[in-house]
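# Structural overview for review
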Amino acid sequence: MLAKPHSLSQQIRWLFYFSILIALSLRSGNIMAFENPIAGKTLGNPYPHILKKETFTINTRNIKVLRAKDNYLWIGTSNGLLRFDTSGKENIKVFDNTNALLSNGIFSVVIDKNGFLWVGTYGGGLSRFDGETWKNFNTPNGLNDAFIYDIQIEKENIWLATWSGINFSKLNTNPKTSWKSYTVENSKGGLIDDWVYAVEIDNSGRKWFGTESGISTFLDGKWRKFNHTHGLSAPYEKVKKANKDIMSIFQGEHHATQASPSIPNIQSADYKPNYIVSMFLDKKNRLWIGTWGGGLSLLDTKNFTFRNFTTQDGLPGNFILALEEDHSGKLWIGTNNGLSQFDGKVFNNFSRINGLESKFIFSLEASRDHSLWIGGNRVLTRIIIDPSSGNPLNIQ
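Now for a quick tour of the structure. As the structure is a prediction and not an experimental result, all values here were calculated from the model.

### Quick notes on the pairing of strand E12 (residues 148-154)
Both faces of the sheet carry side chains from a regular strand, because those side chains alternate between them. Burial analysis of E12 places five of its seven residues in the buried class, which makes it a mostly covered element. Relative to strand E13 (residues 157-162), E12 is paired through six bridges, and the arrangement is antiparallel. When the bridges of E13 are listed, Asp 150 appears paired with Ala 161. Joining the antiparallel neighbours E12 and E13 is a turn of two residues, in which Lys 155 adopts a positive phi near 55 degrees.

As structure tokens, then:
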């Protein structure tokens, strides 16, 4: 299922990367957060080097989620969950509906403080792995829906974004009986839409929910919601030209026919300003929001104002599919037209010219060894970030 299309032996290859990582670890200082101020005017630059990278082919349409822990990289695909030992000591392990899960479609993966793996699936509910055995939870156990798009752990609580609202529970209670929920109905419209795709939680306990109809936030029993009328997403006129003909490419490389199992209800729309595909909350409590065709939105969570970034501001594409922060403190953005690195002033943009083999970037994961794992269409790529400069290692 996962193959490396190069001739170097595994032992030599991993020895080479291990030596690089040791050197970078000695050079690195404290782990930074994305706290850079945002310039009044931003720019986009094509990255001028060819990346030093490893590329793996995967027999699946796209890589929806990546999660790194210790020596393992967990890879969520439409054909099951892969456990990849990045040290090269173990063979790849596949978990699917033949040996563990109720569905092969993997949406989300998180790891709690006990090291338990929680997996959200397409139609198979929620699964938990303690390192030895799997347990599955679904609608008969109190889940709103069998489709779990995102998962967040908050201290002793677990939160689920489903396609029928929000579920939450205590981690130390029985997940088969303890689920509570928020829906449009029981929140009296506080939750703006029951189709929920993303959850973020800040240090104050405020919850942010990204949905098909915008953003809802919840704190101390009070709801607040935002959509395009409040400033979410750029105006259509600003993205219309760049978005032209995009959907035909999506359908060729990502969609089955019209709607994708992993991004539903899209059909042929090249602009849905309230449709939230990805979210990331940085250390300054700024909420970065990836939209469908409306670019990247930044919500100031103190005064609840938006700022939007599109291809006119330097992004390579207006469909923001993944967001991640590396350990040097820069923001990485996966789009429909390659990868971008943002430092608050400049979007450094990466494409096939730099060595990336997928135009679409569906998932990103920064690991503690300074690797950035990039999930695309049938391709997994690993690059190494130099913590002193925050830039990738290059061949030339």
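### Overview of the pairing of strand E11 (residues 134-137)
By the bridge criterion, four bridges tie strand E10 (residues 126-129) to E11 in an arrangement that is antiparallel. When the bridges of E11 are listed, Leu 126 appears paired with Phe 137. In textbook terms, the turn of a hairpin is the stretch between consecutive antiparallel strands, and for E10 and E11 this stretch comprises four residues, one of which, Gly 131, has a positive phi near 105 degrees.

### Here's the deal with the nonpolar core
Soluble globular proteins: nonpolar side chains tend toward being buried together. Trp 332, Leu 339, Phe 350, Leu 364, Leu 372, Ile 374 and Ile 383 are the most contacted members of the largest nonpolar core, which totals 14 residues. Counting residues per element, the ones that place at least two in this core are strand E28 (361-366) and strand E29 (371-376). Residue contributions to this core peak at three residues, all from E28. Once residues within four sequence positions are removed from consideration, Ile 383 is found in contact with Leu 51, Lys 52, Lys 53, Trp 332, His 370, Ser 371, Leu 372, Ile 374 and Pro 392.

### Points about the environment of Gly 344
Turning to its location among the elements, Gly 344 is positioned in the loop between strand E26 (338-342) and strand E27 (346-350). In this structure, the C-alpha to C-alpha distance between Gly 344 and Gly 40, residues 304 residues apart in sequence, is 9.4 Å. Sequence-distant contacts of Gly 344, defined by excluding residues within four places in its chain, comprise Phe 34, Pro 37, Ile 38, Ala 39 and Thr 42.

### A closer look at the sheet that holds strand E6 (residues 80-85)
Ordered by their spatial adjacency, four strands build an open sheet running E4-E5-E6-E7, and the pairing between neighbours is antiparallel. Each of the sheet's edge strands pairs with one partner strand only, and the pair in question is strand E4 (63-69) and strand E7 (93-95). Adjacent strand axes in the sheet meet at a mean angle of 20 degrees when their direction is disregarded. Here E6 runs beside E7; their pairing, made up of three bridges, is antiparallel. The residue bridging Arg 83 from the neighbouring strand is Lys 93, located in E7.

### Some points on unusual backbone geometry
Positive phi, close to 70 degrees, is recorded for Asp 245, a residue that is not glycine. By the element assignment, Asp 245 lies in the loop between helix H2 (236-243) and helix H3 (246-253). Of note in the backbone geometry, Arg 378 takes a positive phi value of approximately 65 degrees without being a glycine. Here Arg 378 shows up in the loop between E29 and strand E30 (379-384). Of the residues examined, Arg 378 reaches a relative accessible area of 42% and is grouped as partly exposed.

What counts, and where the lines are drawn
- Residues numbered from 1 in each chain as written.
- Predicted model: local features only at pLDDT ≥ 70, side-chain atom pairs only at ≥ 80, totals over all residues.
- Heavy atoms only, no water.
- Buried < 20%, exposed > 50% of the residue type's maximum accessible area, 1.4 Å probe, protein only.
- Helix = DSSP H or I, 4+ residues; strand = E, 2+ residues; numbered from the N terminus.
- Pairing = 2+ DSSP bridges.
- Core = buried A, V, L, I, M, F, W, Y, C linked by side-chain atoms within 4.5 Å.
- Contact = heavy atoms within 4.5 Å.
- Axes fitted to C-alpha atoms, helices over the stretch in contact; angles between N-to-C directions.

Everything listed here is a matter of geometry and, on its own, says nothing about what the molecule does.
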